[in-house]
Structure formats: structure tokens, C-alpha cells
Amino acid sequence: MLKHSDLFHIPYYQKAAFTGSLGGMRFYIEKAGEKDAPVLRVWIFPGPFCFAKTDDSQKESVTFDFTEEGLAQAADFLNSQYETRIDYWDKHRRLIP
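Residues numbered from 1 in each chain as written. Predicted model: local features only at pLDDT ≥ 70, side-chain atom pairs only at ≥ 80, totals over all residues. Heavy atoms only, no water.

A separate point is the overall build of the protein. The helix and strand tally for the protein stands at three helices and four strands. Beginning at the N terminus, the succession of helices and strands in the protein can be written as α-β-β-β-β-α-α. In terms of overall size, the protein behaves like a compact globule, its C-alpha atoms giving a radius of gyration of 13 Å where 97 residues would be expected to give roughly 13 Å. For the protein, the spread of C-alpha atoms along the three principal axes comes to 40 × 25 × 20 Å. Buried positions account for 39% of the 97 residues belonging to the protein. Here the analysis covers contacts within the protein between residues at least 6 apart in sequence; of these, 43% occur between residues at least 24 apart. Roughly 5,900 Å² of accessible area belongs to the protein as shown, and the carbon and sulfur atoms make up 51% of that amount. One finds the centroid of the 12 positive side-chain charges in the protein at a distance of 8 Å from the centroid of its 14 negative side-chain charges. (Helix = DSSP H or I, 4+ residues; strand = E, 2+ residues; numbered from the N terminus. Rg over C-alpha atoms; globule rule 2.2 N^0.38 Å. Buried < 20%, exposed > 50% of the residue type's maximum accessible area, 1.4 Å probe, protein only. Contact = heavy atoms within 4.5 Å. Areas by Shrake-Rupley, 256 points an atom, 1.4 Å probe, with all protein chains shown as cover. Lys, Arg positive; Asp, Glu negative; His and termini not counted. Charge placed at Lys NZ, Arg CZ, Asp CG, Glu CD.)

Pasting the structure below:
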């Protein structure tokens, strides 16, 4: 399971996106929204491929405040999605050689 401390702090997302995985669940975290009202967008999608190579129909996204609290909520969201759909994600983990 992810801890808030497993994700980079907010200043990192000012310049770059972050990718990771929990079992067969992949995730992509980026800064999005307007310049004066940024949000943290979190994408989840099944493995085994990276974000760019996964069909958009398999991706889901949610947004959070662009704050450390929003980042903690993002970690909770990722853990929740993994736990509630573990069979689905495990199926995709088995596809990885």
C-alpha cells in the first residue's frame, strides 16, 4: 500500500509527472488545470503497458487540490481503488512476464 510519503511533494509536480504501480494497477500523477487554479490529476489504468501505450478507454482520472493535503487524498484514492478492485488489477499483473 502507498503512504503519502511514497509520493513526491507538491513542488515536484510543478515540473514533472510521476508514474508508479500497485500490483497490476498503474498510476500517473500530474499537475493539470489552469495556471491560476492548478489541480492534481491522478490517472489509474491496468498494466502491463505504460500510460502512453494504454488505450484511453482503459484510463480513469480524478482531481484533487494542488496541495499536500490533496496529495495525501490522492494516495488514499490509489489505495482504495487497488483494494476494492484487487481481482481486476491482479488479472493485469499476471500479464506481465
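Moving on to the sheet that holds strand E1 (residues 18–22). The strand order E1-E2-E3-E4 describes an open sheet built from four strands, whose pairing is antiparallel. Strands with a single pairing partner mark the edges of an open sheet, and in this sheet they are E1 and strand E4 (60–65). Looking at each pair of strands side by side, their axes are set apart by 30° on average, direction ignored. Packing against the sheet, helix H2 (residues 68–84) makes contact with E1, strand E2 (25–34), strand E3 (37–46) and E4, and its axis sits at approximately 15° to E3. (Pairing = 2+ DSSP bridges. Axes fitted to C-alpha atoms, helices over the stretch in contact; angles between N-to-C directions.)

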